[in-house]
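Breakdown of the fold
Each chain is listed here by its residues.
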Amino acid sequence: MTSRPPDDPVAKALALDGDAARIKDFYREWSRSYDDDVAGEGYRAPEITASLARLVQLSWLRTKRADTQIMDAGCGTGLAGIALRNAGFVQVDGFDIAPAMTEKAEQIGAYRRLLADIDLNADDPGLGEFAETYDIVTCAGVFTLGHVAPEGLRHLFALSRKGGFVIVSTREDYLKKTDFRAYAGQVEESGMAALTFTLPDASYVGDDRADYWVFRKLPA
Ligand SMILES: C[S@@+](CC[C@H](N)C(=O)[O-])C[C@H]1O[C@@H](n2cnc3c(N)ncnc32)[C@H](O)[C@@H]1O
C-alpha cells in the first residue's frame, strides 16, 4: 500500500471519521484540485466501475445501454459519470454529500440529475422518491475509511429495482478495518441481494488495491 504523508489529500480524506460536516468541508477544498490530483496518482476506480456496469448490462440486463437507468452514488466531481458516458450510458443520475463536488459534476454534463447533501451514513438519506428505480447503482471510491460505514450499502439496494445491480468498490484497508464483508454476508442471508461476483485485489489508486463487488437485488 502507498505510504502517504499526513498532509496528503488522500491520507486526510481517510481520516474524516464519517462526519458529514468534516467531509463537506474537506471536499469543498479538495474539489478544486481533485481531478488533477487523482489523475496524477492513476486513480482507476471510476473506469473499472464503468467497465463493470458495461459488463453487467451486456451479460444480464434486457435494457439497451442507452436506456439503462443508473444512479452514481457518491459521484464526486463526476469521474465515474464521464466513464459511464464514454461506455455509452446516458441515463445517469448522481448524488453526493458534498455540494462542492456535485457543482463540479454539473459542469461536465454527464449527468441527467444531480443531488447534493445526501449522506449515506444517515438513517434516511432522503432518497425515497428514487426507491427501486435504477437498473444499476454504481459507487466508486466511497466505501473507504472515514467516509461511509458498511451499513450505507442498504441505501444503495433501496435505489436498485428488483433484479437490478449494485456495483461498489472497497479499498483494501477499508476491508481490513471494517465489517464490510460480514455486512455483505448479512445482506445475502437476509435475501435482500445476492453477490453475483467480485473483482478481487484490483487496481484502485497508485499502489493501493480494492475489491469491486457486484450484487444483484432480489428477487431477480
Ligand atoms: C474519493 S471521492 C470519489 C468520488 C467519485 N465517485 C470518484 O470516483 O471520483 C469520495 C466521494 O464520496 C463522497 N462521500 C463521502 N462520504 C459520504 C457520505 N457519507 N455520503 C455520501 N457521499 C459521501 C465525498 O463527498 C466524495 O465526493
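Everything here concerns the structure above.
A short tour of the structure in this document, coming up.

**Re the site of the ligand**
- Lining the immediate surroundings of the ligand are 22 residues, of which Tyr34, Tyr43, Gly74, Asp96 and Ala140 lie closest.
- Here a nitrogen atom of the ligand and a backbone polar atom of Ile97 are 3.4 Å apart.
- In the complex, the protein chains occlude 97% of the 590 Å² of accessible area that the ligand would expose alone.
- Most atoms of the ligand, that is more than half of them, are within 2 Å of grid points of the largest cavity.
- Secondary-structure elements contributing two or more residues to the shell around the ligand are helix H2 (20-30) and strand S4 (134-143).
- The element contributing the most residues to the shell around the ligand is S4, with three residues.

**What to know about the layout of surface pockets**
- Its volume calculated, the largest pocket comes out at about 210 Å³.
- If you trace the largest pocket, you find 13 residues lining it, with Tyr43, Pro46, Glu47, Leu79 and Ala83 closest to the centre.
- Every element with two or more residues in the lining of the largest pocket is listed here: helix H3 (34-40), helix H4 (45-60) and helix H5 (79-86).
- Class assignment of the residues belonging to the lining of the largest pocket gives a composition of nine nonpolar, two polar and two charged.

**What about the packing of H4 against H5?**
- At a minimum axis separation of 8 Å, H4 and H5 run at an interaxial angle of 40 degrees. Accordingly, the angle class assigned to the pair H4 and H5 is oblique. Classified by chirality, the crossing of H5 by H4 is right-handed. Facing H4, whose interface residues are Pro46, Glu47, Ala50 and Ala53, H5 presents Leu79, Ala80, Ala83 and Leu84.
- Among the residues making up the contact of H4 with H5, the classes are represented as seven nonpolar, no polar and one charged.

**Details of the nonpolar core**
- In this structure, Tyr27, Phe95, Phe143, Leu153, Leu156 and Phe180 are the most contacted members of the largest nonpolar core, which totals 72 residues.
- The biggest single contributor to this core is S4, with seven residues.
- Look past the residues within four positions of Phe143 in its chain and what remains in contact with it is Val148, Ala149, Pro150, Gly152, Leu153, Leu156, Val168, Ser169, Thr170, Arg171, Tyr174 and Phe180.

Analysis parameters
- Residues numbered from 1 in each chain as written.
- Predicted model: local features only at pLDDT ≥ 70, side-chain atom pairs only at ≥ 80, totals over all residues.
- Heavy atoms only, no water.
- Near = heavy atom within 4 Å.
- Polar contact = N/O pair within 3.5 Å; in protein donor to acceptor, adjacent residues only side chain to side chain.
- Areas by Shrake-Rupley, 256 points an atom, 1.4 Å probe, with all protein chains shown as cover.
- 1 Å grid on protein atoms, 1.4 Å probe; cavity = no way out; pocket = protein on both sides within 12 Å on 5 of 7 lines; lining within 4 Å.
- Sits in = over half its atoms within 2 Å of the grid points.
- Helix = DSSP H or I, 4+ residues; strand = E, 2+ residues; numbered from the N terminus.
- Points joined across faces, edges and corners; volume = space filled by probe spheres on them.
- Nonpolar A, V, L, I, M, F, W, Y, C, P; charged D, E, K, R; others polar.
- Axes fitted to C-alpha atoms, helices over the stretch in contact; angles between N-to-C directions.
- Parallel < 35°, antiparallel > 145°, perpendicular 65-115°, else oblique.
- Left-handed = near helix turned anticlockwise from the far one by under 90°.
- Contact = heavy atoms within 4.5 Å.
- Core = buried A, V, L, I, M, F, W, Y, C linked by side-chain atoms within 4.5 Å.
- Buried < 20%, exposed > 50% of the residue type's maximum accessible area, 1.4 Å probe, protein only.

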